[in-house]
Amino acid sequence: DEIRDESDGIAEVLYGLGSTGTRQGDELAAMIYLQMSLFLDPENQLAIISLAGLYENIKQGEAAIALYRSMPETSALRANADVQIGLVLDSIGQSDEAVKHLTAISTARPKDVDALNALGNIQRSRKEFAEAVTTYSKIIASTSSGDRSLWPVYYFRAISYERQKLWPKAEADFLKALELYPDQP
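If you're wondering where the values come from, they're calculated on a predicted model, not measured in any experiment. Starting afresh in each chain, residues are numbered from 1 along the sequence in its written order. Confidence filtering applies because this is a predicted model: local features only for residues at pLDDT of at least 70, side-chain atom pairs given and counted only at 80 or more, and all residues used for totals across whole chains, interfaces and linings. Side-chain metrics rest on all non-hydrogen atoms present in the structure, leaving aside hydrogens and water.

A. Just the pattern of salt bridges, in detail. We define a salt bridge as a side-chain nitrogen of Lys or Arg found within 4 Å of a carboxyl oxygen belonging to Asp or Glu. What the rule picks out here adds up to 10 salt bridges. The partner of Asp 96 in a salt bridge is Arg 126, and the shortest N-O contact between them spans 2.8 Å. Residue Asp 96 is found in helix α6 (residues 95-108), and its partner Arg 126 is found in the loop between α7 (113-125) and α8 (129-141); the two are separated by 30 residues along the sequence. Think of it in three bands: with a 1.4 Å probe and only protein chains considered, a residue is buried below 20% of the maximum accessible area for its type, exposed above 50%, and partly exposed in between. Judged by relative accessible area, which is 28%, Arg 126 ranks as partly exposed. Segments assigned H or I by DSSP are reported as helices when at least four residues long, segments assigned E as strands when at least two residues long, and all are numbered from the N terminus.

What follows is the structure, encoded as structure tokens:
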């Protein structure tokens, strides 16, 4: 972002101090600096993400969700914020809302691999294995088959198949995961 005036400059310095505090484990100071930065520049996208992540770390899910929702719609970080909302909803025990939220994102942005992956993982954790298979399959269909980063998707889909006792499909996905990343234990 471009610094337009003194207020923006001060907000940027405060963001830097807050970001440093977050990395050094000084959550209280980091929170104060990041909140002051957002007071001066409410659309500081990095401060929004940093403070929301800090709230997640200290188990303040509702505050994190509110911050993620404040991310400007035009921001390049909006997709990340949307996925984080779903993950936080799940972490605070609102799994049904998390699934609805991530399903809506996946419908609006069918190639959003992060949203699909988060949805599949929540479905798998809820023992909705058939739904998880469908979600993981969407990721695989939208990505190059030789993409090494797909190994966990094949692995988690294999687990979902295995839990449904669909052994041949599970074995095929386990083997594909190993093919993509042979050194992965």
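B. The arrangement of helix α5 (residues 78-91) in detail. Between its terminal C-alpha atoms α5 stretches 20 Å, which fits the 20 Å expected from 14 residues at 1.5 Å a residue. Listed in full, the buried residues belonging to α5 are Arg 78, Ala 81, Asp 82, Val 83, Gln 84, Ile 85, Gly 86, Val 88 and Leu 89. The contact criterion used is simple: two residues touch if any of their non-hydrogen atoms lie within 4.5 Å. Where the residues of α5 are buried, they touch α3 (45-57), α4 (61-69), α6 and α7. A positive phi of about 85° marks Gly 93, the residue just after α5. To estimate how far a helix should reach, multiply one less than its number of residues by 1.5 Å.

C. Seen up close, the nonpolar core. Ranked by size, the top nonpolar core spans 29 residues in total, and within it Leu 51, Leu 67 and Tyr 68 carry the most contacts. Counting only elements with at least two residues in this core, the list comes to α2 (27-40), α3, α4, α5, α6 and α7. Considering every element that reaches this core, the biggest residue donor is α3, with 6 residues. Every residue in contact with Leu 67, bar those within four places of it in the chain, is listed here: Leu 38, Ile 48, Leu 51, Ala 52 and Tyr 55. Core analysis: the second largest hydrophobic core is formed by 11 residues, Ala 132, Val 153, Tyr 154 and Ala 177 among them. In this description, a nonpolar core means a group of buried Ala, Val, Leu, Ile, Met, Phe, Trp, Tyr and Cys residues linked to one another through side-chain atoms lying within 4.5 Å.

Any functional reading would require information that these geometric values do not contain.
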